[in-house]
Amino acid sequence: MKTRKDIKLGKDEEFVEDIRECNNRCPKCGGLLIANFGAGISVEFCAEDNCDYEDYDYDL
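Numbering of residues begins from 1 in every chain and follows the order in which that chain's sequence is written. Note on the predicted model: pLDDT of at least 70 is required for a residue's local features to be given, and 80 or more for side-chain atom pairs to be given and counted; whole-chain, interface and lining totals, by contrast, use all residues. Processing note: side-chain calculations cover all non-hydrogen atoms of the structure and skip hydrogens and water entirely.

Novice: Which residues make up the pattern of salt bridges, and what are the values?
Specialist: Each salt bridge in this description consists of a side-chain nitrogen of Lys or Arg and a carboxyl oxygen of Asp or Glu lying within 4 Å of one another. Within the structure shown, the criterion is met by five salt bridges. Its salt-bridge partner being R20, residue E44 comes within 2.8 Å of it at the nearest N-O pair. With E44 in strand β3 (residues 41–46) and R20 in the loop between β1 (13–15) and β2 (33–38), the pair connects residues that are 24 residues apart, well separated along the chain. The rule is simple: take the accessible area with a 1.4 Å probe, protein chains only, and divide by the maximum for that residue type; under 20% is buried, over 50% is exposed, in between is partly exposed. Judged by relative accessible area, which is 17%, E44 ranks as buried. Helix numbering and strand numbering both begin at the N terminus, where a helix is a DSSP run of H or I of at least 4 residues and a strand a DSSP run of E of at least 2.

The structure is reproduced here in structure tokens:
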């Protein structure tokens, strides 16, 4: 499992555990979740290379 120091965040990314206390780990593998914020959409994805978890939220 990757740790926070193993991960370099992008410009519009934050660790989900910095945003909320609950549901901040990947439901598939337990890895760290990263949130990427864009105009009208955000996506949470797992930081683990072997996990394909993604959850989109559209701001309509």
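Novice: Now, about the pairing of β2: what can you tell me, with residues and values included?
Specialist: Relative to β2, β1 is paired through three bridges, and the arrangement is antiparallel. From the neighbouring strand, E14 faces β2, where its bridge partner is A35. We treat two strands as partners when DSSP finds at least two bridges between them. Two elements, β2 and β3, share six bridges in a ladder whose sense is antiparallel. Its bridge partner being in β3, G38 is matched across the sheet by I41. Here β2 folds back onto β3 in antiparallel fashion, the turn holding two residues, of which G40 has a positive phi close to 80 degrees.

Novice: Residue-level account of a nonpolar patch on the surface, with values.
Specialist: A cluster of nonpolar residues, I41, Y56 and Y58, forms a patch on the protein surface that exposes about 310 Å² of accessible area. You can see I41 is positioned in strand β3. When its relative accessible area of 31% is taken as the criterion, I41 is described as partly exposed. Patches draw on residues past 30% relative accessible area with no salt bridge. Two like charges within 9 Å are joined, as are two nonpolar side chains (Val, Leu, Ile, Met, Phe, Trp, Tyr) within 5 Å. Here the open area of atoms and residues is found with the Shrake-Rupley method and a 1.4 Å probe, where only the protein chains shown may cover a residue.

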